Amino acid sequence: LFVVALLPALAFADGHLPSEAEVETAIENYWNARNNNDHETVAAMESQTGFFGTNSDGSFHKPMAIASAEDWKKNMVGNKGNLRVVYPETTEIAEGVVYARYYAEGVVGMEGDVSPYRTRITSVWVKESDGEWRVKSIHFSPANYGGTHKTQSSDFDD
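Right, let's walk through the structure included here. Note that this is a predicted model, so its numbers are computed, not measured.

What sets the pattern is the α-helix's 3.6 residues per turn: residues three or four places apart point alike. Counted at 1.5 Å a residue, the expected span for helix α2 (residues 18-35) with its 18 residues is 26 Å, and the 26 Å between its end C-alpha atoms agrees. Along α2, the residues that are buried comprise S19, E20, V23, A26, I27, Y30, W31, A33, R34 and N35. Where α2 is buried, its residues contact α3 (39-44), α4 (69-75), β2 (82-94), β3 (97-110), β4 (113-127) and β5 (133-142). A positive phi of about 50° marks N37, the residue just after α2.

Moving on, we get to the environment of V135. Structurally, V135 is set in strand β5. The class of V135 is buried, set by a relative accessible area of 0%. Sequence separation of V135 and E46 is 89 residues, and the distance between their C-alpha atoms is 4.8 Å.

Before going further, it helps to examine the pattern of salt bridges. Counted by the stated rule, this structure contains six salt bridges. A salt bridge links E105 to R118; the nearest nitrogen and oxygen atoms lie 2.9 Å apart. Of the two residues, E105 is situated in strand β3 and R118 in strand β4; the sequence distance between them amounts to 13 residues. By relative accessible area, which is 13% here, E105 ends up buried. For R118, a relative accessible area of 15% translates into the label buried. In this structure, R134 and D130 form a salt bridge, with 2.9 Å as the shortest nitrogen-oxygen distance. Assessed through its relative accessible area of 47%, D130 is described here as partly exposed.

The rules behind these values
- Residues numbered from 1 in each chain as written.
- Predicted model: local features only at pLDDT ≥ 70, side-chain atom pairs only at ≥ 80, totals over all residues.
- Heavy atoms only, no water.
- Helix = DSSP H or I, 4+ residues; strand = E, 2+ residues; numbered from the N terminus.
- Expected span 1.5 Å × (residues − 1).
- Buried < 20%, exposed > 50% of the residue type's maximum accessible area, 1.4 Å probe, protein only.
- Contact = heavy atoms within 4.5 Å.
- Salt bridge = Lys/Arg side-chain N within 4 Å of Asp/Glu carboxyl O.

In short, shape yes, function no, at least from these values alone.
This is the structure in structure tokens:
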């Protein structure tokens, strides 16, 4: 009887909540869109009420912004990066709020100047009023083999 009572708790432990699995899928979709310069999808996957970002280059936190496809297109012009998500972990911290952490690794840079890249990422995803999961906050921190943000001129635009 004890084991039968414990089974529901085990089923929801270690990333088995539907929200956690949905956010893992959203993270993969977000990075696929970034890798493919799909600016519309990237912008649509960031919170429609504002997004907070912090790069791994040691710069200050970026101010809250509402993303647009045009902003992403400007930010990613010439981008030849390709990153994959490694070791994603997601945890529902409140109803409609999921904390995620993972590594992104691959190559980043501009045409003719790409280099290996690995960074740790933490993010907070929220289920917005339309029922879609969107990233509300993302923080990159350096990891091994060079892992800092490759500064671009658009990093200095407000």
